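# Coordinate inspection notes
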Amino acid sequence: MRTVYPVILCGGSGTRLWPLSRKSYPKQFVPLIGETSLLQQCAKRLKGPVETPYAKPLLLTNEAFRFVVPEQLMAVGIDPGPILIEPEGRNTAPAVLAAALHLSSSDPDALMLVAASDHVIPDAQAFHEAVAEGIRTIDERGDLVTFGITPDRPETGYGYLKLRQIPDASGASIPLDRFVEKPDLKSAERMVSEGSYLWNSGIFLFAVRDILAAYDQHAPDLVAPVQNAVDQAQSDLGFLRLESIAWNSVQDISIDYAVMEKASNLSVVPYAAGWSDVGSWSAVQELSNPDTNGVATAGEVTAIDCHNVLVRSESPAQEVVAMGLENVITVAMPDAVLVASMDRAQDVKQAVTALKAKGAKQAESLPVDHRPWGWFESLVIGDRFQVKRIHVHPGASLSLQSHHHRSEHWIVVEGTAEVTINDDVQLVSENQSVYVPLGAVHRMVNPGKVPMVLIEVQTGTYLGEDDIIRYEDVYARN
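Residues numbered from 1 in each chain as written. Predicted model: local features only at pLDDT ≥ 70, side-chain atom pairs only at ≥ 80, totals over all residues. Heavy atoms only, no water.

Which entries qualify depends on this criterion: UniProt positions are given in the numbering used here, feature names are shortened, and annotations may be inferred rather than shown by experiment.
Per an unreviewed UniProt entry, the chain carries the name mannose-1-phosphate guanylyltransferase and comes from Ruegeria conchae. Under the UniProt heading Sequence similarities (unreviewed entry), the entry covering the chain gives this text: "Belongs to the mannose-6-phosphate isomerase type 2 family." One UniProt comment on the chain, placed under Catalytic activity (unreviewed entry), says "alpha-D-mannose 1-phosphate + GTP + H(+) = GDP-alpha-D-mannose + diphosphate".

Rendered as structure tokens:
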């Protein structure tokens, strides 16, 4: 039996779930539904059933998230396979091709199961049964396989797949007739009533040899530059960094447009056991087990006399009270609050555009800034001072650095820090503090087995994150 290689695409930075999902930390890394992130749920789902050989997942992401991805997977007990770093986002066609070329060098008979990292599929067993049907289709017909979702409403936000016949209850694959772009409401109602149209999930299964042949036939202009980017990729701290000049010359195009809509050997496996691309706050409401009044809440929330609402508090210190609301979305973050009509859920990205136009940092950045060694958040900012909370993972180390414009006080409140200041190295324990003078070369390490947390007080004429001169860095940041 051939090995199935999950290929997880996790470099996106959508804006439809602002303010929780932002460019600096998008929705695939956030626990939107349940206690784990969408990426963690996806990776656990793609471990596969025992009877089918599944390899470690191959992941594609970008520079900003290269440390977040393995950290999240290892937190749920999954050892990631290769992690390919895209120098720039080039959409799904180049990403899938890079994964196929990488796999072909070690296992040309492999099967690729390609999935986005930010979808919700509650029934893992039903999903694996659909994948098994896709494998049978490949073995019998050599087709490229996609998965079509049985629609439960006339949705205008998805593309559709027109099948050559109406699916039955068996779940057997059906040859594809054609792809259909996102329709207007009247067309969507007609397609749902006909029964031979499914939503396009964007999940694919194919043999590596077959998809490479399809690229050669239908998208030959992509092959040479992506092949060069893979051949010249550099290993970097366990990641595989695709060569940037070749990669950045590749056309920005989806796999649907580049290959799938042109291929004649494509079959669809119908899937009716629940799926969502979590593309709007209204979708989050539906997935959040609303009560009989349609009220869905998360965090410290009190809802009184509300109907068909989503109310979320993303800070344990922030109590949100909703009273007498109907058809409203409310998402409260420490630095931004969204209040929107439920029927405008698909328009949230307009808010991001408006915030970017006025220069608001909340458009793209969260108050918590994630780093390879942990994270920090700004608690108070003044003209010449800033107070931060800094969380350092066990065994992690900040870079050896200095600053031109600020000095720092560090107060350890949890764990123990190993602090270097010029030639002096000392251990600083809970309730102890240390002063880092302006211009001093310094570093902080967590030598323990539990997280280390400290409060940092910065004072100076300029407090930006770009006032850092790095001398050594275990994470190879420039």
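So much for the structure itself; the text now carries on.
### Points about the pattern of salt bridges
What counts here: Throughout this description, the term salt bridge denotes a Lys or Arg side-chain nitrogen within 4 Å of a carboxyl oxygen of Asp or Glu. Counting from the N terminus, the helices are DSSP H or I runs at least four residues long and the strands are E runs at least two residues long. Three exposure classes are used, based on accessible area relative to the maximum for each residue type with a 1.4 Å probe and protein chains only: buried under 20%, partly exposed in between, and exposed over 50%.
According to the stated counting rule, one finds 25 salt bridges in the structure shown. As a salt-bridge pair, glutamate 63 and arginine 241 come within 2.4 Å of each other at their nearest N and O atoms. With a gap of 178 residues between them, glutamate 63 in the loop between strand E2 (58-62) and helix H2 (68-75) and arginine 241 in strand E10 (residues 239-241) connect regions that are remote in the sequence. Judged by relative accessible area, arginine 241 falls into the partly exposed class, the value being 26%. Residues arginine 153 and aspartate 152 are paired through a salt bridge, measuring 2.9 Å at the closest nitrogen-oxygen approach. In this structure, a network of salt bridges that share partners links the residues Glu63, Arg66, Asp236 and Arg241.

### Concerning the domain arrangement of the chain
Which entries qualify depends on this criterion: Each domain's limits were defined by an automated method or a database of domain assignments. Whether two residues are in contact is decided by their heavy atoms, any of which lying within 4.5 Å being enough. By buried area we mean how much accessible surface two parts lose on assembly, using a 1.4 Å probe and totalling the loss over both.
We note that the domain assignment places domain 1 (4-271), domain 2 (281-345) and domain 3 (368-472) within the chain. Relative placement of domain 1 and domain 2: their C-alpha centres are 31 Å apart. Each side of the interface is counted separately: domain 1 has 11 residues, and domain 2 has 13 residues. Carbon and sulfur atoms make up 66% of the surface buried where domain 1 meets domain 2, a total of about 990 Å² over both sides. If you look at where domain 1 meets domain 2, you find one salt bridge. Two residues, arginine 22 and aspartate 335, come together in a salt bridge whose shortest N-O distance is 2.9 Å.

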